[in-house]
Amino acid sequence: MEKYEKISELQLRLSELRKDKTIGFVPTMGALHQGHLSLISRSKAICGTTVASIFVNPAQFNDKDDYRRYPRTLDKDLEILENAGCDIVFAPGEKEIYPEKDKRIFDFGNLDKVMEGKFRPGHFNGVAQVVSRLFDIVNPDKAFFGQKDFQQVSIIKNMTLQLNLSVEIVVCPIIREQDGLAMSSRNMLLSDSQRKEAVNISQALLHAKTQAAVTPISEIRDEAVRWINSSPELRVEYMEIIDASTLQPVAGWDEAEEIFACVAVHAGKIRLIDNIQLK
Ligand code: AMP
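Residues numbered from 1 in each chain as written. Predicted model: local features only at pLDDT ≥ 70, side-chain atom pairs only at ≥ 80, totals over all residues. Heavy atoms only, no water.

Caption draft 1: Here's a closer look at the sheet that holds strand β5 (residues 142–146). Strand order in the open sheet formed by 6 strands is β1-β4-β3-β2-β5-β6, and the pairing between neighbours is parallel. The outermost strands of the open sheet, each flanked by one partner alone, are β1 (2–4) and β6 (168–172). Each strand of the sheet is rotated relative to its neighbour by a mean of 25°, with strand direction disregarded. Bridge count for strand β3 (residues 49–54) against strand β4 (residues 88–90) is 3 bridges, and the pairing is parallel. Bridge assignment links alanine 52 to a residue of β4, and that residue is valine 89. Here helix α2 (residues 34–46) sits on the sheet in contact with β2 (23–28), β3, β5 and β6, set at roughly 150° to β5. (Pairing = 2+ DSSP bridges. Helix = DSSP H or I, 4+ residues; strand = E, 2+ residues; numbered from the N terminus. Axes fitted to C-alpha atoms, helices over the stretch in contact; angles between N-to-C directions. Contact = heavy atoms within 4.5 Å.)

See the structure below:
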């Protein structure tokens, strides 16, 4: 595996590889787990060269403590990527990505007025800044994102349309721990008791799925919130049942073709998100 920190060196190498291979790109913030690796293996399956990036993007953290606490495990990540057969890793410093402050403001209409966008002001603007910058640098044919960050996928797709980028966005399913907890770099920050209780998040969503179509949406939502909040260490920040195409809440099962339940939960200072398709 080749490792680059400098944009110019990475681009020189990619310009050679691009001649006869498609470039697949997996942007990450490191602290890698099986969820990230599923994106790498999907890229390897359909692209000639797989590039992963590791960059903890300050611009997308609206909470400074969350940025400070975010796990950084670069040496281990490099080993994991090497073992996974990743071809190239790009691990830039902050000055390389932002030689100057990125002042761009994106307009995502209503897509970022709800859920993560509502509770993490500025988050998606920071995501769009870094992902557009990384797309510019890597110029991939395909880029791989996890369904785990459901709203992020909508934002990235919208951004590529707005910027007229030719990159294809490939969405990969959520990878879960054995007990159902969605894998996340933040899981390693949970205490033992928080980790045990966190299983209730996916259980509440799975239960909601079994009730879908036959139970009113507001009841399903309220029950899922109650289920999670019954764990002493968990507090639901939001639980929304939404139209997958607009991300706006729906009140009835016939209001949208595809309906998802999306949730954010605080376990002490750690914030976890998850989602499930209900229709
Ligand atoms: P992050 O390092 O958290 O920015 O995540 C990098 C990419 O991995 C994003 O596209 C995430 O959606 C994806 N990802 C994170 N966790 C999972 C998971 N449990 N299953 C699938 N994809 C994931």
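Caption draft 2: A look at the domain arrangement of the chain. Partitioning the chain into domains gives domain 1 (2–172) and domain 2 (185–274). Each side of the interface is counted separately: domain 1 has 22 residues, and domain 2 has 20 residues. Both sides of the domain 1 and domain 2 interface together cover about 1900 Å² of buried area, and 63% of this is carbon and sulfur. Ranking the residues of domain 1 by area buried against domain 2 places Arg69, Met115 and Phe150 at the top, with a combined share of 32%. One can count 2 salt bridges joining domain 1 with domain 2. Put simply, aspartate 66 and arginine 186 hold a salt bridge, and the shortest N to O gap is 2.9 Å. Between the two partners, domain 1 and domain 2, sit 8 residue pairs in polar contact (both at pLDDT 80 or more). (Domains from an automatic or database assignment. Buried area = accessible area lost by both parts, 1.4 Å probe. Salt bridge = Lys/Arg side-chain N within 4 Å of Asp/Glu carboxyl O. Polar contact = N/O pair within 3.5 Å; in protein donor to acceptor, adjacent residues only side chain to side chain.)

Caption draft 3: Broad picture of the packing of helix α1 (residues 7–17) against helix α7 (residues 123–138). Running from N to C, α1 and α7 cross one another at 50°; their axes reach a closest spacing of 9 Å. On the basis of their axis angle, the class for α1 and α7 is oblique. The segment α1 lies against α7, with Ile7, Leu10, Gln11 and Leu14 engaging Arg133, Asp136, Ile137 and Val138. Class assignment of the residues belonging to the contact of α1 with α7 gives a composition of 5 nonpolar, 1 polar and 2 charged. (Parallel < 35°, antiparallel > 145°, perpendicular 65-115°, else oblique. Nonpolar A, V, L, I, M, F, W, Y, C, P; charged D, E, K, R; others polar.)

Caption draft 4: Quick peek at the pairing of strand β9 (residues 270–277). Most of β9 sits inside the fold, with 7 of its 8 residues counted as buried. Sheet analysis places strand β8 (residues 259–267) next to β9, joined by 8 bridges and oriented antiparallel. Its bridge partner lying in β9, alanine 261 is registered against isoleucine 276. Linking β8 to β9, which pair antiparallel, is a turn of 2 residues; within it glycine 268 sits at a positive phi near 60°. (Buried < 20%, exposed > 50% of the residue type's maximum accessible area, 1.4 Å probe, protein only.)

Caption draft 5: Representation of the pattern of salt bridges. Per the counting criterion, the structure on display carries 15 salt bridges. Here the salt bridges share partners, and the residues they tie into one network are Glu2, Arg13 and Glu16.

Caption draft 6: A look at the site of the ligand. Close to the ligand lie 16 residues; Met29, His36, Asp149, Ile175 and Met183 are nearest. Within the contact set of the ligand, an oxygen atom lies 2.6 Å away from a side-chain nitrogen or oxygen of aspartate 149. Note that a nitrogen atom of the ligand is positioned 2.9 Å from one of the backbone N or O atoms of methionine 183. In isolation the ligand exposes 480 Å². Once the protein is present, 92% of that is buried. In a pocket analysis with a 2 Å cut-off to the grid points, the ligand is assigned to the largest cavity. Of all the secondary structure elements, the ones that give two or more residues to the shell around the ligand are β2, α2 and β5. (Near = heavy atom within 4 Å. Areas by Shrake-Rupley, 256 points an atom, 1.4 Å probe, with all protein chains shown as cover. 1 Å grid on protein atoms, 1.4 Å probe; cavity = no way out; pocket = protein on both sides within 12 Å on 5 of 7 lines; lining within 4 Å. Sits in = over half its atoms within 2 Å of the grid points.)

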